[in-house]
Structures are given as C-alpha cells and as structure tokens.
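Chains, contacts and geometry: an overview
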Amino acid sequence: MERTAVRRRLSWQVATVADVRRETATARTIVLDVPEWPGHLAGQHLDVRLTADDGYRASRSYSIASAWSGGQIELTVEEVEDGEVSPYLVEVLKPGDPLELRGPVGGWFVWRPEQEGPVQLIGGGSGVVPLRAILRAHAEAASTTPVRLLYSVRRPTSVIYVDDLKELASSDHVDVRLVYTREAPDGEPRVGRIDAELIDQLAFTPADEPTTYVCGPTPFVEAVADLLVAAGHDPARVRTERFGPTGGPQ
Amino acid sequence: MTTYLDGNAAAGKLSEIFAVDITAAVTRCDGCGQTGVFAETRLYLDAPGMVARCPGCDHVLLRVVTTSSETYVDLRGLTYLRLPTP
C-alpha cells in the first residue's frame, strides 16, 4: 500500500495564470503560479473551482501535467462540449487571470522515482496528461527505470505534447509509441484501437513485473485493463484513472 | 447508461472530511467482501452528492452529501478502511 501521510487540511487558494499554450484544436496547457504550492507527486491532480457572478460554483478535478521542481505547475485541459468549466479554461482564461484551486490530491495514481520495477504507461486522448507528468518526473530524477508509453490518439493532429514527447523519447530509458485509431500519418500502416496483439508486442510482459498506469475515458480504461489482466498481468499492479464529461466532485 | 469515474476523483472532496488520503486506502465491500483500493471504486457524481460503488458487485460503499450548512458522510457500505499507521 502507498504511504498515506497525515497532512494539513487543504484549502482553496488563488493561482495566477502565467502562460497558456495551445496543444491541439481542443486542448490547452495552462501554466500557473501558485503562491502556496507544497509540491506534488507525478500523477496527482487538483481541483479547479469557478464562481459565477451570481455565486454559482462548479468545480472539476484535473491531472497535473508537470513534474514538481519548484516554481510553476501546468494543467492541460481538453474542452468538453457543453462543459461548465473546461470551455472557460480552454477558450477564455488568459495570462494574468486568477484561478481558484486546491491540491495536490490523490495518492494512488502516482509514481515515485524510488519505486522499483519498470513502468508501463497507457493513455487514451487527454489521459496522457498525468502520464506526461510521470515522464517529466522520470527525466527530472535522471531515473534509469525503463518506461514505455503507449498513447492512443484519433489522428496525428490529436497528439498533445508533440515536441515534449519527442524530447522525452530521446532517452535510452524511455520508449514512446503512438497508436492511431482513426487516421495514421504516412508510413504508419496500423489504424485501430489498442488490442491484445499490440499489448503483446509493445508492452512490458507480466514477467517484467511492471507497474502499469492506464488513464483515459472510462471505456478506454476498462478495455485496456481487461486486456492487461487477460494477458496475465497482476490486477494489483495495474493502476487506473478514468475521466469523463462529468468531471470532478461539485 | 450513467457514466462513472473512479475513486481518484473523490480525493479533493474527501480531503474536506478526512485528515489522511482515503483514495489510497484499501476498502472492503460490506456487500460482497471484495477488497480493493478506494481509487479503483466507481464514482458517480450525478447523483445528489457523491456515491462510490464496489466495482465487483455495485454495492454502495460511501455517500457524501453536502448541504449549505452540513456534510453527511454515509460509510455503511464499507466493512473497513485499511490505512498505513502514520
């Protein structure tokens, strides 16, 4: 079991947007200055709260996209059609704006550099966000732990962190594979979802005793987790994080 | 079908109530006896309040309902929560 530290009570605080970066047509990375950020583990998330002029509040949970090395933190938000929170974060929020948040939270879907064994990351769509934080933490720690990322996207223009993933993949210890479900770039013959054959070819085997992190929409996570268990992986070593249009707790 | 998330998404809300991170705790379902990490439970947010269900038998494990003045925490679906001693 993970360490569970007694901690101070979390309270809402106001961060300031330092920068925004467009990742895809529907996703944006928001760089934040957070005055009282205690640091976080790769894979943790935070809650964002918006308050309307009439006092109506909506909050959502977002994975942190960056590793902690002091200074700023990054969120990457995918716009949910008719969403209450994400359209504002993706289309409206600009540098200098305040943003209310609390965190970090979540002690299960996390990777620590001192953790033993290889790391298998499997992300669908913006489910790659906490996996990118794990890759960044791996790079920051100059870890020699072997890491593989399988990243399922609809088409080449859906890829978040294109340049960053290229840089991360240049490490001898990191392997990044993109899986295209609708449309592949030239030279990539395979179009289709992650299946048993692909897991067999590209993922660590049960004998490697990896810790596997799967993040994406609920149907993606369940399909991949089922494939892993069918391939002989210990369910206790498969950590999952689902997200959906309902977002986090209100 | 109602969509659900998982126990990870309850971390912020539960931090308002508990002094330790419940999402990394092991839970035992009072319905079927299955044990697992709270983060892997099924979380429904479109009910009044927040409801966590057992991934094995769909039994309600935990409910949290917040009104303007009070928060109700219903833990009757859990036989136990297992946490490391701090």
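In the annotation of an unreviewed UniProt entry, the entry for chain A reads Ferredoxin-NADP reductase, and the organism field reads Kribbella sandramycini. Looking at the Cofactor (unreviewed entry) heading of the UniProt record, one finds this comment for chain A: "FAD".

All names here are of chain A. Within the element layout of this structure, T145 appears in the loop between α2 (128–140) and β8 (147–153). For T145, a relative accessible area of 13% gives the class buried. Excluding anything up to four places from it in sequence, T145 contacts G117, P118, V119, H138 and H173.

Turning our eyes to something else, we now look at the sheet that holds strand β2 (residues 26–29) of chain B. Each strand in a sheet pairs with its neighbour through backbone hydrogen bonds, running either in the same direction (parallel) or in the opposite one (antiparallel). Residues and elements named next belong to chain B. One open sheet holds the three strands; their spatial order is β3-β2-β8, and the pairing between them is antiparallel. Here the strands that pair on one side only, and so sit at the sheet edges, are β3 (35–37) and β8 (78–82). Averaged over neighbouring strand pairs, the angle between their axes works out to 25 degrees when direction is ignored. Strand direction decides the pairing type here: β2 and β8, joined by four bridges, are antiparallel.

Attention now goes to the domain arrangement of chain A. All names here are of chain A. In terms of domain boundaries, chain A breaks down into domain 1 (13–105) and domain 2 (119–243). Centre-to-centre separation of domain 1 and domain 2, based on C-alpha positions: 24 Å. Listed by partner, the interface residues are 17 residues for domain 1 and 15 residues for domain 2. With both chains or domains summed, domain 1 and domain 2 bury close to 1,100 Å², and 57% of this area falls on carbon and sulfur atoms.

Here we come to the nonpolar core. Side chains of a nonpolar character, in soluble globular proteins, are inclined to be buried together. Residues and elements named next belong to chain A. By size, the foremost hydrophobic cluster in this structure holds 30 residues, and its most contacted members are L121, L135, L149, Y151, L165 and Y213. In terms of residues, this core owes the most to one element, α2, which gives seven residues. In this structure, this core is formed jointly by two domains, domain 1 (13–105) and domain 2 (119–243), each of which donates at least three residues. Setting aside residues up to four positions removed in sequence, L149 forms contacts with Q120, L121, G123, V128, L131, L135, L165, D175, V176 and R177. Listed in part, the 21 residues of the second largest apolar core include V17, L50, I64 and L99.

Residue and element names in this part refer to chain A. Relative to the helices and strands, L46 is located in strand β3 (residues 45–51). Of the residues examined, L46 reaches a relative accessible area of 0% and is grouped as buried. Sequence-wise, L46 and V105 are 59 residues apart; in three dimensions their C-alpha atoms are separated by 5.8 Å. Excluding residues within four positions of it along the chain, L46 makes contact with W37, R60, S61, Y62, I64, I73, L75, L101, R102, G103 and V105.

What follows deals with the pattern of salt bridges. Residue and element names in this part refer to chain A. Within this structure, the stated rule accounts for 19 salt bridges over all chains. Among the ionic pairs, R136 bridges to E167, the shortest N-O distance being 3.6 Å. With a gap of 31 residues between them, R136 in helix α2 and E167 in helix α3 (residues 162–169) connect regions that are remote in the sequence. Using a relative accessible area of 18% as the deciding quantity, one classes R136 as buried.

What follows concerns the sheet that holds β3(A). Residue and element names in this part refer to chain A. Strand order in the open sheet formed by six strands is β4-β3-β6-β1-β2-β5, and the pairing between neighbours is antiparallel. If you trace the sheet from one side to the other, it starts and ends with β4 (57–63) and β5 (73–78), each paired once. For this sheet, the mean inter-axis angle between neighbouring strands, taken without regard to orientation, is 40 degrees. Judged from the four bridges that link them, strand β1 (residues 13–22) and strand β6 (residues 98–105) form a sheet pairing that is antiparallel. Following the sheet pairing, T16 is matched in β6 by P98.

Here we come to the packing of aromatic side chains. Enumeration according to the criterion identifies two aromatic pairs over all chains in this entry. Geometrically, the ring pair formed by A:F109 and A:Y213 is edge-to-face, given 5.4 Å between the ring centres and 90 degrees between the ring planes. One end of the pair, A:F109, is in the loop between β6 and β7 (119–124); the other, A:Y213, is in strand β10 (residues 211–217), and 104 residues separate them in sequence. A:Y213 matches A:F109 in its accessibility class, with the two residues each being buried. Considering the side-chain rings of B:Y4 and B:Y44, the 5.5 Å spacing of their centres and the 45 degrees angle between planes classify their relative orientation as tilted. Of this pair, B:Y4 sits in the segment before β1 (5–6) while B:Y44 sits in strand β4 (residues 42–44), placing them 40 residues apart in sequence. Since its relative accessible area comes to 5%, B:Y4 is described here as buried. Here B:Y44 falls in the buried class, since its relative accessible area comes to 13%.

What counts and how
Residues numbered from 1 in each chain as written. Chains lettered and ligands numbered in written order. Predicted model: local features only at pLDDT ≥ 70, side-chain atom pairs only at ≥ 80, totals over all residues. Heavy atoms only, no water. UniProt positions renumbered as here; feature names shortened; annotations may be inferred. Helix = DSSP H or I, 4+ residues; strand = E, 2+ residues; numbered from the N terminus. Buried < 20%, exposed > 50% of the residue type's maximum accessible area, 1.4 Å probe, protein only. Contact = heavy atoms within 4.5 Å. Pairing = 2+ DSSP bridges. Axes fitted to C-alpha atoms, helices over the stretch in contact; angles between N-to-C directions. Domains from an automatic or database assignment. Buried area = accessible area lost by both parts, 1.4 Å probe. Core = buried A, V, L, I, M, F, W, Y, C linked by side-chain atoms within 4.5 Å. Salt bridge = Lys/Arg side-chain N within 4 Å of Asp/Glu carboxyl O. Phe/Tyr/Trp six-rings, centres within 6.5 Å; stacked < 30°, edge-to-face > 60°.

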